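These are the residues of each chain, in order.
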Amino acid sequence: MSNKVAIIGAGLSGLACAVELKRNGISATIYEASESIGGRVKTDNIDGFLLDHGFQVYLPSYELGKYFLDYDRLDLKAFSPGANIYKDGKFHSMSDPLRDPTKALPTIFSSLATIKDKALTAKLIFASKIDYEKIKTTQTALEYLSQYGFSQQYIHNFFIPFFSGVFLTKDLSVPADYFKFLFQCFSKSLASLPKLGMAQIPKQMVAELDSNSIRLNSKIDAESLLQEGYEHVFVSHPEYKHLDTDVQFYGVKTEYYKSRSIRYAYKTLYLNADPNAIVNHVACLTAVSSSYAPDGWQLYSVNILDGANGSSKKDLIQLFGAEEIDTWEHIKSYHIKKALPSKALFGSAPTKLGKNISYCGDYLESPSIQGALYSGRKVATAYLNNIGDPL
């Protein structure tokens with residue numbers, strides 16, 4: 001097809017839009033203001049250490065991930081199910097006994113949850129079946145968990161520490177349906193990392209496009225591109241001309257440390273259930289994928305939610321002990337100010353301004369890789385279905 005189409009932004013939603021158009025015979029030109037692709041999904045290589053921009057994981061159960069990505073080439077490496085949760089001066093192991101039988105007894109006898117909580121968790125695994133396209137926003141996750149019958153003890157000791165690392169907020173104010181969708185995804189597959197870092201996801205998508213289709217360091221607006229002769233422009237970075245209000249974001253700070261100690265080099269996440277903690281969660285990335293660091297080194301990701309003020313060192317010493325933390329050497333810290341939309345719109349907002357400009361991005365759908373991919377494909381499909389339509 002000869003349609004002259006442009007996309008502003010080379011994040012995941014823009015790339016998904018471009019790939020969907022390309023698979024249907026339209027080669028779009030992508031204008032990216034920064035010097036690299038991927039949007040928030042980036043990985044730096046510093047002296048052989050792979051540092052993702054903020055702690056990120058991928059869920060292989062994402063349906064659109066299977067549509068856009070080749071999992072074999074990503075060579076996904078999985079975290080262990082469950083988590084080690086720090087509470088009352090020690091770590092408590094919580095896991096899915098069906099997927100990790102070695103953790104069955106610690107999970108069953110954990111004091112963080114009642115017998116009823118454990119039974120309800122098993123029930124929730126099988127009950128949380130929801131179609132992504134039918135997510136409603138009438139109830140929050142916190143309201144849902146309380147009404148489901150979970151104790152406040154378990155909500156605060158497990159659900160909030162675990163999902164605050166996913167939603168980047170401790171209030172569980174996301175829609176209950178979206179929580180159920182993600183809980184379903186976690187129960188179907190393990191949180192994973194591409195062997196060579198999260199940036200392999202956008203790199204794989206770009207490989208499907210024409211080599212000359214992306215223009216980096218090119219900041220431009222949709223109106224200017226239309227004046228240049230483009231027939232349609234897709235805007236994939238957060239822009240609000242088509243909305244009644246701006247979209248707010250949650251931020252996160254991620255600190256990376258290297259160590260030769262293997263004492264805490266496990267595939268399980270370390271969660272901090274202290275409501276006043278600075279550090280929210282810690283992960284040993286090399287335990288999941290050894291490619292994240294040179295031989296002989298471990299790489300730790302330490303994550304701090306916006307609003308938690310102070311140094312992480314006190315918390316780290318409390319979690320792992322001074323002797324261990326003395327072996328950790330700081331590499332680099334990232335403060336991602338716009339890490340996730342705080343109030344994603346789940347398809348409730350318009351995606352067009354006039355007939356020649358479309359908008360996509362996770363802020364219009366759900367705050368996730370799934371949401372970004374879905375949004376990009378959604379607007380591309382709408383355009384393809386209406387080619388030649390004067391309206």
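Below, the structure is looked at part by part.

Criteria and thresholds
Residues numbered from 1 in each chain as written. Predicted model: local features only at pLDDT ≥ 70, side-chain atom pairs only at ≥ 80, totals over all residues. Heavy atoms only, no water. Helix = DSSP H or I, 4+ residues; strand = E, 2+ residues; numbered from the N terminus. Rg over C-alpha atoms; globule rule 2.2 N^0.38 Å. Buried < 20%, exposed > 50% of the residue type's maximum accessible area, 1.4 Å probe, protein only. Contact = heavy atoms within 4.5 Å. Disulfide = S-S within 2.5 Å. Arc of directions from axis to C-beta. Pairing = 2+ DSSP bridges. Phe/Tyr/Trp six-rings, centres within 6.5 Å; stacked < 30°, edge-to-face > 60°. Lys NZ or Arg CZ within 6 Å of the ring centre and 35° of its normal. Axes fitted to C-alpha atoms, helices over the stretch in contact; angles between N-to-C directions. Core = buried A, V, L, I, M, F, W, Y, C linked by side-chain atoms within 4.5 Å. Salt bridge = Lys/Arg side-chain N within 4 Å of Asp/Glu carboxyl O.

Across its full length, the protein chain holds 14 helices and 17 strands. The C-alpha atoms of the protein chain give a radius of gyration of 22 Å, which matches the 21 Å a tight globule of 391 residues would have. Judged by the C-alpha coordinates and their principal axes, the protein chain covers about 65 × 50 × 40 Å. Burial status across the protein chain gives 57% buried among its 391 residues. Across the protein chain, every contact between residues at least 6 apart in sequence was considered, and the portion connecting residues at least 24 apart equals 74%.

Within the structure shown, the criterion is met by zero disulfides. In this structure Cys17 is not part of a disulfide, and its nearest cysteine sulfur, from Cys360, lies 5.2 Å away.

So, about helix H12 (residues 313-320). Along H12, the positions that sit buried rather than exposed are Asp315, Leu316, Leu319 and Phe320. For H12, the angular spread of buried residues about the axis comes to 105°, placing them on one side. One or two residues past the end of H12 sits Gly321, with phi positive at roughly 95°.

Turning next to the pairing of strand E4 (residues 49-52). What you see with E4 is no split at all: Phe49 and Leu51 on one side and Leu50 and Asp52 on the other are buried throughout. In this structure, the hairpin formed by strand E3 (residues 43-46) and E4 is closed by a connection of two residues, where Asp47 is found at a positive phi of approximately 55°.

Before going further, it helps to examine the side chain of Ser301. Inspection of the secondary structure puts Ser301 in strand E14 (residues 298-305). Apart from the residues lying within four places of it in its own chain, the contact partners of Ser301 are Phe55, Thr254, Glu255, Tyr256, His281, Val282, Ala283 and Leu285.

What follows concerns the packing of aromatic side chains. Within this structure, the stated rule accounts for 41 aromatic pairs. Geometrically, the ring pair formed by Phe158 and Phe162 is stacked, given 5.7 Å between the ring centres and 20° between the ring planes. Of this pair, Phe158 and Phe162 both sit in helix H7 (residues 152-167), separated by four residues, roughly a single helical turn. With relative accessibility at 11%, the residue Phe158 sits in the buried group. For Phe162, a relative accessible area of 14% translates into the label buried. The interplanar angle of 65° and the centroid separation of 4.8 Å between the aromatic rings of Tyr264 and Phe320 together place this pair among those described as edge-to-face. Placement of Tyr264 in the loop between strand E11 (249-259) and strand E12 (269-272) and of Phe320 in helix H12 is noted, with a sequence separation of 56 residues between them. Of the two residues, Tyr264 and Phe320, neither departs from the other in class, the shared state being buried. For the cation-ring pair, Lys4 lies above Tyr230, with the distance from its terminal atom to the ring centre recorded as 4.7 Å. If you follow Arg23 out to its NZ or CZ, it ends over the ring of Tyr67, 4.8 Å from the centre.

Turning our attention to the sheet that holds strand E7 (residues 90-94). Pairing is mixed in the open sheet, where seven strands are placed in the order E7-E6-E12-E13-E14-E11-E15. In this open sheet, the two edge strands, each paired with only one partner strand, are E7 and strand E15 (329-341). On average, each strand axis in the sheet is tilted by 25° relative to the strand beside it, whichever way the strands run. Inspection of the sheet shows E11 paired to E15 by nine bridges, in the antiparallel sense.

Here we have six strands laid out as an open sheet, ordered E9-E2-E1-E10-E17-E16, and mixed in their pairing. This sheet does not close on itself; its edge strands, each paired only once, are strand E9 (214-215) and strand E16 (352-353). Bridge analysis of strand E2 (residues 29-31) against E9 gives two bridges, and the strand direction is parallel. Bridging across to E9, Tyr31 finds its partner in Arg215. Packing of helix H1 (residues 12-23) onto the sheet brings it into contact with strand E1 (5-8), E2 and strand E10 (232-235), and relative to E1 it is tilted by some 160°. Together, E1, E10 and strand E17 (357-359) form the strand contacts of helix H14 (residues 369-385), whose direction differs from that of E10 by roughly 165°.

In this section: the nonpolar core. Looking at soluble globular proteins, one finds that nonpolar side chains tend to be buried together. If you look at the biggest cluster of nonpolar residues, it comprises 99 residues, and the most contacted ones within it are Leu21, Phe159 and Phe179. In this view, Phe179 contacts Leu124, Ala141, Tyr144, Leu145, Phe159, Phe163, Phe167 and Val174; residues no more than four positions away in its chain are not counted.

A complete count under the given rule lists eleven salt bridges for this structure. Here Arg377 and Glu20 are joined by a salt bridge, their closest N and O atoms 3.6 Å apart. Of this pair, Arg377 sits in helix H14 while Glu20 sits in helix H1, placing them 357 residues apart in sequence. Take Arg377: its relative accessible area is 28%, and that puts it in the partly exposed class. With its nearest N and O atoms 3.3 Å apart, the salt bridge here joins Lys77 to Asp75.

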